[in-house]
Every structure is written in structure tokens, then in C-alpha cells.
Amino acid sequence: MPADNELKISQTELSDIAALALQIGKEAGDLAANRPANLELKTKSSKTDLVTQMDTATERLIVERLRENRPHDGVIGEEGTATAPTGEHQITWVIDPIDGTTNYIYELPAWSVSIGVEVAGIPAVGVVVAPALGETFFGVRGEGAKLIAKGKSLSLKANTIDFLADALVVTGFSYLAADRGNQADAVFELLPMVRDIRRLGSAALDLSYVAAGRVDAFYEQGLNHWDYAAGALIAREAGARVESLRGGPLFKGTTIAAAEPLFSNLSTILAKTPIP
Ligand code: IPD
Ligand code: CA
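Fair warning: this is a prediction, and the values are worked out from it, not measured in the lab.

Rules used in this analysis
Residues numbered from 1 in each chain as written. Chains lettered and ligands numbered in written order. Predicted model: local features only at pLDDT ≥ 70, side-chain atom pairs only at ≥ 80, totals over all residues. Heavy atoms only, no water. Near = heavy atom within 4 Å. Polar contact = N/O pair within 3.5 Å; in protein donor to acceptor, adjacent residues only side chain to side chain. Areas by Shrake-Rupley, 256 points an atom, 1.4 Å probe, with all protein chains shown as cover. Helix = DSSP H or I, 4+ residues; strand = E, 2+ residues; numbered from the N terminus. Nonpolar A, V, L, I, M, F, W, Y, C, P; charged D, E, K, R; others polar. Donors = N, O, S within 2.8 Å, 3.2 Å for Na, K, Ca; no water. Buried < 20%, exposed > 50% of the residue type's maximum accessible area, 1.4 Å probe, protein only. Pairing = 2+ DSSP bridges. Right-handed = clockwise from strand over helix to strand, strands pointing away. Expected span 1.5 Å × (residues − 1). Contact = heavy atoms within 4.5 Å. Arc of directions from axis to C-beta.

1. Some details on the site of ligand 1
In step 1: Inspection of the region around ligand 1 gives 15 residues, with Asp99, Gly100, Thr101, Tyr175 and Glu220 positioned closest.
In step 2: In the environment of ligand 1, an oxygen atom lies 3.0 Å from a nitrogen or oxygen atom belonging to the side chain of aspartate 96.
In step 3: Between ligand 1 and the protein, one listed contact pairs an oxygen atom with a backbone N or O atom of isoleucine 98 at 3.2 Å.
In step 4: Coverage of ligand 1 by the protein amounts to 96% of the 380 Å² it exposes when considered alone.
In step 5: Tallying contributions element by element places strand E5 (residues 91–99) first for the shell around ligand 1, with three residues.
In step 6: Considered class by class, the residues forming the shell around ligand 1 number four nonpolar, five polar and six charged.

Okay, here's the thing in C-alpha cells:
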């Protein structure tokens, strides 16, 4: 009998899903990378939360490919797709067609296509494609995390840092001005205690960078499911702990990702700040 947290699909199906996620991620990345001269900007949850016609076109492409290949899987997408799975194994693809839309608009390279796959709610596969950086981060539950770049594949391992003072920490800020005050207070507390802080602009890449040891830790308040579905799996497969600061699901409150003992040290400090 499989344990409760074991995937209830065969190894072959898991490999097929992983290969499809990589293939669709590449195609979606190629589409988004082909920026039109006229980007049409619209706002969403606030005046700072932007979306372009390329976000919607890329989500449409991913959904089309999933309909063709896996019609019984569910899809949750940032740009509005929400279909429940109908297959026996309750497989759901959680996608952010362009994570880091603000960077994309400004032609800063840190944006990604993020594709996570969950089997009955258990993260199984994560693909984060960064076309402008020529890199793809990839993880499969129980099989580790990899960086695919320049035709090579490299196994990833998160850094194990003992002290906060030696930690390079990446974070992000919400689109809601009301939340940003508390987020600024958290940075105010943390900054004197750490090596430095970065704000790159794509949570999926932030989590992938924890996996790759390019930063030591990530935290952010108020992520959506599609922001972390792929990146959290990749970071965990590289040895990081990825959990919510005050318990519960990752999309409520503050998500933290780091290998131990940094995870605990960072959590202790963040728990004293006003972010939930
Ligand atoms: C955003 C990015 C950003 C994070 C925000 C996200 P989007 O995603 O991941 O780094 O700080 O919380 O909403 O809007 O560019 O898809
Ligand atoms: Ca997005």
C-alpha cells in the first residue's frame, strides 16, 4: 500500500508528465520570448499588478497543449484558467505563463514560465523556464532537481548555511500597497542581520535559485499557488525546506525556503516581524 504522501501514479506516467512539462515549458518560453513591438498593458489586482497580451497568449498555448495531450487533467492558471481534474489520479497543472511580468515589460531578463504538476494535491513535477537567461530548472518528486542550460544538465543542491549573517536572502513584495508597509518593516528588521538582500522579481526563479545555491534563502508574503507550484518542488528536491512561516498552506501568509539550519534561524527572526 502506498503511504499517504506517495504519488499514486506509475513511474512511467510520472516520467511522461515530466517530459511533457519540459516540452510545453520550452514551447511556451519560445512564444513569450518573441515579444511583440507593442505590448498591451492592463492592470489586475492593483495599479502595480500588470498583465500583457503575451501572458494570456502563453497561458492559452499551455492550456491547448494540455487539452491535446492530457484532457482529463485539471489546470489552474494565473490568467484565469480553472478546470478541475476528471481523471482517476486527480492530476492538476498549476501554471504561471509569465512569472515576473514587470521584468518582462521592462526587458529585464529575470522572468520565467512556471509549470507545476500535482497528483491529488502532492507536488510531483516542477519546470521553470527562463528564456532570456537560457536556463531551465526542473524537478521530479523523489528524483532531485536539475538545471538544464547550454545543452548540459547539472544536479542542484541548496546551500547549507549555519548563520543568518552569512546568508544572501531573496524576497519579493506584494502588489497591494497595504501589505507593503509590513513587508518593508520585515526587511528593515532583517537587513542588518544578513549578508545582503535581493529582489529579483520572479518568485519561481527565486525558489529555483535557492535550489541552485545562487541565494541561500527566499521568503515572501502573499504568494499565489502558481507562483510557487513549480519552484517549491524544485527547491525541496535540492534539499531546501519550503514551508509557511506560521504553519498552514504556502499561499497563506509567508513562504520560506532554505536548507536547515538557515530555515529555522530565518523563521525565528521573521516570526517577530509584522508579516503574517
Ligand atoms: C510576481 C513575481 C514577483 C513576486 C510577486 C508575484 P507575476 O508574479 O513572482 O517576484 O514578488 O508576488 O506576483 O505577477 O509577475 O506573475
Ligand atoms: Ca504571472
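2. Things to note about the coordination of the calcium ion (ligand 2)
In step 1: Around the calcium ion (ligand 2), the protein contributes the donor atoms Glu78 (OE), Asp96 (OD), Asp96 (OD) and Ile98 (O), which lie 2.1 to 3.0 Å from the metal centre.
In step 2: Positions of the donor residues of the calcium ion (ligand 2) along the chain correspond to the pattern E-x17-D-x1-I. Taken individually, aspartate 96 and isoleucine 98 each receive the classification buried, so the pair is uniform in this respect.

3. Describing the pairing of strand E11 (residues 168–171)
In step 1: Here E11 shows two buried faces, one formed by Leu168 and Val170 and the other by Val169 and Thr171.
In step 2: With three bridges joining them, E11 and strand E12 (residues 196–198) adopt parallel strand pairing. Counterpart to valine 170 in the pairing with E12 is arginine 198.
In step 3: The parallel pair E11 and E12 is bridged by helix H4 (residues 177–190), and the resulting crossover is right-handed.
In step 4: Where E11 lies against strand E13 (residues 217–221), three bridges are found, and the strand directions are parallel. The residue of E13 that forms the bridge with valine 169 is alanine 217.

4. Here we look at helix H1 (residues 11–33)
In step 1: End to end, H1 covers 33 Å across 23 residues, agreeing with the expected 33 Å (1.5 Å per residue, within 8%).
In step 2: If you check which residues of H1 are buried, you get Leu14, Ile17, Ala18, Leu20, Ala21, Ile24, Gly25, Ala28, Gly29 and Ala32.
In step 3: On the buried face of H1, the contacting elements are helix H2 (53–69), E5, helix H3 (101–105), strand E6 (112–119), strand E7 (122–130) and strand E8 (135–140).

5. Quick word on helix H7 (residues 262–270)
In step 1: Leu262, Phe263, Leu266, Ser267, Ile269 and Leu270 are the residues of H7 that are buried. The buried residues of H7 occupy an angular sector of 165 degrees when projected down its axis, which confines them to one face.

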